[in-house]
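Coordinates in review
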Amino acid sequence: MRIRIVGTGVMGRGIAQWAATAGHTVELGDIRTEAVGAAVDFVRGMLDRAAAKGRMTEREAAETLARIVPLDSPWAPGDKVELVIEAAREDLDTKAEVFAKLSEALPASTVFATNTSSLSVTGIAATLSDPSRLAGLHFFNPVPLMKIVEVVPGTATRPDIPPLLTELVRGTGHRAVVVADTPGFLVNHAGRGLVTEALALLEETVTDAPGLDRIARDVLGLKMGPFELMDLTGLDVTAAVIDTIWHGFRHSDRLRPSFLTPNRVTAGLHGRKTGRGWYAYGPGDPAPAATPEPPVTGDGKRPVWVAGTGPGTEALRAALAAGGAVLDDAELPGDGSVVLVATWGTTVAEAVAGLGLPRARTLGVDPLSLPTRRRVLAATPATDPEVAADARAVLTAPGDETASGGGTAAEPYAVSVVRDTAGSVAQRLLASIVSVAASIAERGLATPADIDAAVTTGLGYPHGPLAWGDTIGAPRLLALQQALHRTTGDPRYRPTRWLTERAQLGMTLTDPGNPPFPQSG
């Protein structure tokens, strides 16, 4: 295929390398002629690096580079151009001007694609004399390595174009996901589940940004915590995306922005690119993942009385026993015992009131954290600080089953102490990630398989959000979200129909289900 790429910035040059490597002839154009040469030099450097590392031969690198044809003008006539991919500035007027000039230079048979990440594909197409020829083809940076591309039909896009673009993408070894033309498309929309809930937890002073990041990394298994991610992306960019998607979905409670971001953006606390965001990035500052934790000060010798019943309670008792804790097995907690309760979508305060527990000595443990190397302990405003310190020390003790051979002692567990809140930290983050994905599936914006594939590839999550929900189980996840909704009264936590139905019907969250209406044709 002969493909013309207009725009030679980071995305344009990446798309050029991607297409040429796959064997396509690439015409590369930009309104700044000197930018075209710089882009070709960049691609040459990337190909030389790939050859030096053995990912391709020197001959393959040279042949790939030869398939890139620099243009003196992006509007040059091109009777053989089958596809244009526009990678110009993210501005509707700019993109409209680009496609207007291309419409005059290229045949009516040429398919137009825009790499927009935030503008409406339908809105861009509406500026064309023939809106049916345009669709979205949204790549992620760096294009050759991020093996996911969103194919976004506009309202008027010809039905033959999405399959054509899907086949093109698949032929390069990338995954194509077909997504509805809605704010944020798929990956950016799904990504709001993590960051908006992390900001909500920070608003409530449940813990600080490093504390939330530690739990996200160590309990949920994310490569980066939400605040590290915002600093990498740029808070100015993140805040704009959050607002755009929230407004686009008519102020959905599930996507509600935080009051914390506007002032930080105004102050220039954008993250790595400005030297300071949620973390500092000076020469002597630690990396986010290396931010020091408070020392463990308790002696861990208090007996522990475990309250409640259910799977979380049994897991907690087993973890304490494995760590050598002294368990108080009396009917009621002893006067000096630490009281621990496994919470699921509820608060420690509710357990204190409902079970008549001693308020100064009762803390919560998140069951999601028990199988990981970081336990999460929740304290209420009434918790005695010395008791909290002892409870933290008890939970740091390594279990015998984790000890390595050769007489080497096992590493102690890390323990985060957070402020009591419904569902604690990991439960709320995971519930939000799954809920936003479920709402995407519920609206029919993408298939469950495409949602999970796009998120794992585009965001680097350890599981697709719907498959992640299935590791908990739809009934248990529904109970969590119902408890969050009941405890907080916030419609943000209202369970989706997608989750509710599947929990009631015994289906998985990844099951697309049968079509509700007879199919035409």
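None of these values were measured; they are calculated from a predicted model. Sequence order as written defines residue numbering, which begins from 1 separately in each chain. Local features in this predicted model are restricted to residues of pLDDT 70 or higher, and side-chain atom pairs are both shown and tallied only at a pLDDT of 80 or more, whereas totals for entire chains, interfaces and linings draw on every residue. Side-chain metrics rest on all non-hydrogen atoms present in the structure, leaving aside hydrogens and water.

1. Description of the sheet that holds strand E5 (residues 111–114)
Strand pairing requires that DSSP identify at least two bridges connecting the strands. For the purposes of this entry, the term helix denotes a DSSP run of H or I that reaches at least four residues, the term strand denotes a run of E that reaches at least two, and both are numbered from the N terminus. Read from one edge to the other, the open sheet built from eight strands follows the order E3-E2-E1-E4-E5-E6-E7-E8, with strand pairing classed as mixed. Bordering the open sheet on either side are strand E3 (68–70) and strand E8 (175–178), each of which pairs with just one other strand. Recorded for the sheet is a direction-independent mean angle of 25 degrees between the axes of neighbouring strands. Sheet analysis places strand E1 (residues 2–6) next to strand E2 (residues 25–29), joined by five bridges and oriented parallel. For Arg 4, the partnering residue across the bridge sits in E2 and is Glu 27. We call two residues contacting when some pair of their heavy atoms lies within 4.5 Å. Only the stretch in contact is used when fitting a helix axis, every axis being a line fitted to C-alpha atoms; angles between N-to-C directions are given from 0 to 180 degrees. Along the sheet face, helix H4 (residues 92–105) touches E1, strand E4 (83–86), E5 and strand E6 (134–138) and points at about 165 degrees away from the line of E5.

2. So, the packing of helix H1 (residues 10–21) against helix H2 (residues 33–52)
The geometry of H1 relative to H2 is characterised by a closest axis approach of 10 Å and an angle of 55 degrees between their N-to-C directions. Considering the angle they form, H1 stands oblique to H2. Relative to H2, H1 is oriented so that their crossing is right-handed. Residues Arg 13, Gln 17 and Thr 21 of H1 pack against Ala 38, Ala 39, Phe 42, Val 43, Met 46 and Leu 47 of H2. Amino acid classes used here: Ala, Val, Leu, Ile, Met, Phe, Trp, Tyr, Cys and Pro are nonpolar; Asp, Glu, Lys and Arg are charged; the rest, including Gly, are polar. Class assignment of the residues belonging to the contact of H1 with H2 gives a composition of six nonpolar, two polar and one charged. Each angle receives one of four descriptions, namely roughly parallel if under 35 degrees, roughly antiparallel if over 145, roughly perpendicular if within 65 to 115, and oblique otherwise. Handedness of a crossing follows from how the near helix is turned relative to the far one, being left-handed for an anticlockwise turn of less than a right angle and right-handed for a clockwise one.

3. A closer look at the nonpolar core
In terms of nonpolar packing, the biggest core is built from 94 residues, with Phe 227 and Trp 278 touching the most fellow members. Among the elements that take part in this core, helix H16 (residues 424–442) stands out by supplying twelve residues, more than any other. Not counting residues within four places of it along the chain, the set of residues in contact with Trp 278 comprises Leu 199, Leu 202, Ala 209, Phe 227, Met 230, Asp 231, Leu 235 and Arg 264. Buried Ala, Val, Leu, Ile, Met, Phe, Trp, Tyr and Cys residues that are joined via side-chain atoms within 4.5 Å together make up what is termed a nonpolar core. Exposed residues in this analysis have more than 50% of their type's maximum accessible area, buried residues have under 20%, and partly exposed residues fall in between, with area computed by a 1.4 Å probe over protein chains only.

4. With respect to the environment of Thr 94
Its place among the elements puts Thr 94 in helix H4. Once you skip the residues sitting within four places of it in the chain, Thr 94 turns out to touch Ala 88 and Arg 89.

5. So, the packing of helix H9 (residues 209–218) against helix H10 (residues 226–233)
Two elements in contact, H9 and H10, have axes separated by 7 Å at closest approach and are oriented at 105 degrees. The angle between the axes of H9 and H10 places the two elements in the roughly perpendicular class. Contact residues: H9 offers Ala 209, Leu 212, Asp 213, Ala 216 and Arg 217, while H10 offers Pro 226, Phe 227 and Glu 228. For the contact of H9 with H10, a count of residues per class yields five nonpolar, no polar and three charged.

6. Observations regarding H9
Counting buried residues in H9 gives nine out of ten residues, a clear majority hidden from the surface. Turning to H9, its buried residues number three or more, namely Ala 209, Pro 210, Gly 211, Leu 212, Asp 213, Arg 214, Ile 215, Ala 216 and Arg 217. For H9, the elements touching its buried residues are helix H8 (192–203), H10, strand E12 (374–379), strand E13 (414–419) and H16. Counted as a polar contact is a pair of N or O atoms within 3.5 Å, where, for protein atoms, one must be capable of donating a hydrogen and the other of accepting one, and residues adjacent in sequence contribute only when both atoms are in side chains. The backbone nitrogen of Gly 211 has a side-chain oxygen 2.8 Å away, supplied by the residue at the start of H9, namely Asp 208.

7. Focus on the packing of aromatic side chains
Each Phe, Tyr or Trp ring, with Trp reduced to its six-membered ring, pairs with another whose centre is within 6.5 Å; inter-plane angles below 30 degrees give stacked pairs, above 60 give edge-to-face pairs, and intermediate values give tilted ones. Applying the stated rule across the entire model yields four aromatic pairs. With a centroid separation of 4.8 Å and an interplanar angle of 70 degrees, the aromatic rings of Trp 18 and Phe 139 are classed as edge-to-face. With a gap of 121 residues between them, Trp 18 in helix H1 and Phe 139 in the loop between E6 and strand E7 (148–153) connect regions that are remote in the sequence. We classify Trp 18 as buried; its relative accessible area is 4%. For Phe 139, a relative accessible area of 2% puts it in the buried group. Should the NZ of a Lys or the CZ of an Arg lie within 6 Å of a ring centre and within 35 degrees of the ring normal, that charge is described as sitting over the ring. Its guanidinium or amino end placed over the ring of Trp 498, Arg 502 lies 3.5 Å from that ring's centre, counting from NZ or CZ.

8. A closer look at the pattern of salt bridges
Salt bridge, as used here, is a side-chain nitrogen of Lys or Arg placed within 4 Å of a carboxyl oxygen of Asp or Glu. Within the structure shown, the criterion is met by 24 salt bridges. For Asp 160, the salt bridge identified is with Arg 158, shortest N-O distance 2.9 Å. Under the relative-accessibility criterion, Asp 160 is labelled partly exposed at 40%. For the salt bridge of Asp 329 with Arg 317, the shortest nitrogen-to-oxygen distance reads 2.9 Å. Within this pair, whereas Asp 329 is found in the loop between helix H13 (311–322) and strand E10 (338–342), its partner Arg 317 is found in helix H13, the two being separated by twelve residues in sequence. For Arg 317, a relative accessible area of 26% puts it in the partly exposed group.

9. With respect to the pairing of E5
Both faces of the sheet carry side chains from a regular strand, because those side chains alternate between them. Across the two faces of E5 the burial is the same, with Val 111 and Ala 113 and Phe 112 and Thr 114 all buried. When E4 meets E5, the two strands line up parallel, connected through four bridges. Opposite Val 84, over in E5, you have Phe 112 as the bridge partner. Both E5 and E6 contribute to a ladder of three bridges, which runs parallel. The residue of E6 that forms the bridge with Ala 113 is Ala 135.

10. Details of the environment of Gly 334
Residue placement: Gly 334 occurs in the loop between H13 and E10. The class for Gly 334 is partly exposed, based on a relative accessible area of 24%. Residues Gly 334 and Trp 305, spaced 29 residues apart in sequence, show a C-alpha to C-alpha distance of 7.8 Å. Setting aside residues no more than four positions away along its own chain, Gly 334 makes contact with Asp 328 and Arg 361.

11. Observations concerning unusual backbone geometry
A cis amide bond, omega -5 degrees, links Asn 141 with the succeeding residue Pro 142. Along the chain, the position of Pro 142 falls in the loop between E6 and E7. The backbone of Arg 250 sits at a positive phi, close to 55 degrees, despite the residue not being glycine. Position of Arg 250 relative to the elements: it lies in the loop between helix H11 (235–248) and helix H12 (261–266). Positive phi, close to 60 degrees, is recorded for His 251, a residue that is not glycine.

12. Comments concerning the pairing of E2
In terms of residue burial, E2 counts as a mostly covered element, since four of its five residues are buried. One ladder, built from three bridges, connects E2 with E3; its direction is parallel. In the sheet register, Val 26 faces E3, and the bridge partner there is Ile 68.

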